[in-house]
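Structural description and commentary
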Amino acid sequence: GSIRLMKKMILVMFPFLFGCEMTPDDVFDHLWGIEESMAILSSETVNLSEKPVEYSLNNDSVYFAGNRSSLCFVLRTNYPLVPQKEMDEEYARLLSGATIFAKGTTSTGRTFDLSKPNVSWSKEGYMGGADELSACLSVMLYKNGLKVGDVLKMLQVKASAQLTVQGIYWESTNRFD
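As a starting point, this report considers the structure included with it.

About the criteria used
- Residues numbered from 1 in each chain as written.
- Predicted model: local features only at pLDDT ≥ 70, side-chain atom pairs only at ≥ 80, totals over all residues.
- Heavy atoms only, no water.
- Helix = DSSP H or I, 4+ residues; strand = E, 2+ residues; numbered from the N terminus.
- Contact = heavy atoms within 4.5 Å.
- Disulfide = S-S within 2.5 Å.
- Buried < 20%, exposed > 50% of the residue type's maximum accessible area, 1.4 Å probe, protein only.
- Pairing = 2+ DSSP bridges.
- Axes fitted to C-alpha atoms, helices over the stretch in contact; angles between N-to-C directions.
- Core = buried A, V, L, I, M, F, W, Y, C linked by side-chain atoms within 4.5 Å.
- Phe/Tyr/Trp six-rings, centres within 6.5 Å; stacked < 30°, edge-to-face > 60°.
- Patch = residues over 30% accessible without salt bridge, like charges linked within 9 Å, V, L, I, M, F, W, Y side chains within 5 Å.
- Areas by Shrake-Rupley, 256 points an atom, 1.4 Å probe, with all protein chains shown as cover.
- Salt bridge = Lys/Arg side-chain N within 4 Å of Asp/Glu carboxyl O.

Let's talk about the side chain of serine 70
By the element assignment, serine 70 lies in strand β4 (residues 68-76). Apart from residues no more than four positions distant in its own chain, serine 70 is found in contact with Cys136, Leu137, Ser138, Tyr169, Trp170 and Glu171.

Right under this line is the structure:
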């Protein structure tokens, strides 16, 4: 009852309170304290190999917003949601046996390794196409001596074999903490 009425009032009032650039989802995220850190490291094709590629991050907007933090490598766009078995097969085909590795460094100098990649699918996508199939590496904050708010200054990526990806992005959120 009262929560539903509050939501309706916010939806009616939010253009006046928050401006037209914020969506209702943005408003509710703000009201509930949801934070996200998102950065596109490369929106173009990247050829990974055993030679590391470094991405220097020169602002404080790339940080650990929460315990769910990932570095994602877009393997394919316009890939509709399919049963998990089919998605896993396409993921393996696109990786062609290559494994992706990544290391990070915070502004305090702490270094950490990201986990081995897992298959990820995104309806909206980040590289200009919808329905993205990606390989995402995650990091466990507490296992690496990291904490929410730590700022990333550098990410280094490589692959065990030649691998072409359509883009690379970082995302971190406290939505599920």
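Notes on the state of the cysteines
A complete count under the given rule lists one disulfide for this structure. One disulfide bridge connects cysteine 72 with cysteine 136, the sulfur atoms lying 2.0 Å from each other. Given an S-S torsion of about 115°, the disulfide between cysteine 72 and cysteine 136 has right-handed geometry. Residue cysteine 72 is found in strand β4, and its partner cysteine 136 is found in strand β8 (residues 132-138); the two are separated by 64 residues along the sequence. Cysteine 136 matches cysteine 72 in its accessibility class, with the two residues each being buried.

Examining the sheet that holds β8
An order of β1-β11-β4-β8-β7 is seen for the five strands of this open sheet, with the pairing classed as antiparallel. Strands with a single pairing partner mark the edges of an open sheet, and in this sheet they are β1 (36-42) and β7 (118-122). Looking at each pair of strands side by side, their axes are set apart by 30° on average, direction ignored. As judged from the seven bridges shared by β4 and strand β11 (residues 167-173), these two strands associate in the antiparallel manner. In the sheet register, cysteine 72 faces β11, and the bridge partner there is tyrosine 169.

Things to note about the nonpolar core
With 36 residues, the main nonpolar core has Leu48, Leu71, Phe73, Leu114, Ile168 and Trp170 as its most contacted residues. For phenylalanine 73, the contacting residues outside a window of four places in its chain are Leu48, Ile100, Leu133, Ser134, Ala135, Leu137, Val157, Val165, Gly167 and Ile168. Judged by nonpolar contacts, the second largest core, of five residues, contains Val74, Met127, Cys136 and Tyr169.

Observations regarding the packing of aromatic side chains
The geometry of an aromatic ring pair is captured by the separation of the ring centres together with the interplanar angle, meaning the angle of the planes. Overall, the coordinates contain two aromatic pairs when judged by the stated rule. Residues phenylalanine 64 and phenylalanine 112 carry aromatic rings whose centres are separated by 5.7 Å and whose planes lie at 65° to one another, so their mutual orientation is edge-to-face. Separated by 48 residues along the polypeptide, phenylalanine 64 in the loop between β3 (53-56) and β4 and phenylalanine 112 in strand β6 (residues 111-113) bring together distant segments of the chain. Judged on exposure class, the residue phenylalanine 64 and its partner phenylalanine 112 are both buried. Between the aromatic rings of phenylalanine 64 and tryptophan 170, the centroid separation amounts to 5.3 Å while the plane-to-plane angle is 85°, which identifies the pairing as edge-to-face. Residue phenylalanine 64 is found in the loop between β3 and β4, and its partner tryptophan 170 is found in strand β11; the two are separated by 106 residues along the sequence. The same class applies to phenylalanine 64 as to tryptophan 170, namely buried.

Things to note about a nonpolar patch on the surface
A contiguous nonpolar patch, built from Met38, Ile40 and Tyr126 and spanning about 240 Å² of accessible area, is present on the exposed surface. By secondary structure assignment, the location of tyrosine 126 is in the loop between β7 and β8. Take tyrosine 126: its relative accessible area is 31%, and that puts it in the partly exposed class.

Structural notes on the sheet that holds strand β5 (residues 100-106)
Across the sheet, four strands lie side by side as β3-β9-β5-β6; this open sheet has antiparallel pairing. Taken across any chain shown, the strands that pair with only one partner, and hence form the sheet edges, are β3 and β6. On average, adjacent strands in this sheet sit at an angle of 20° to one another, irrespective of strand direction. Strand direction decides the pairing type here: β5 and strand β9 (residues 152-159), joined by seven bridges, are antiparallel. Bridge pairing in β9 links threonine 106 to leucine 152.

Shape descriptors only; they carry no functional weight alone.
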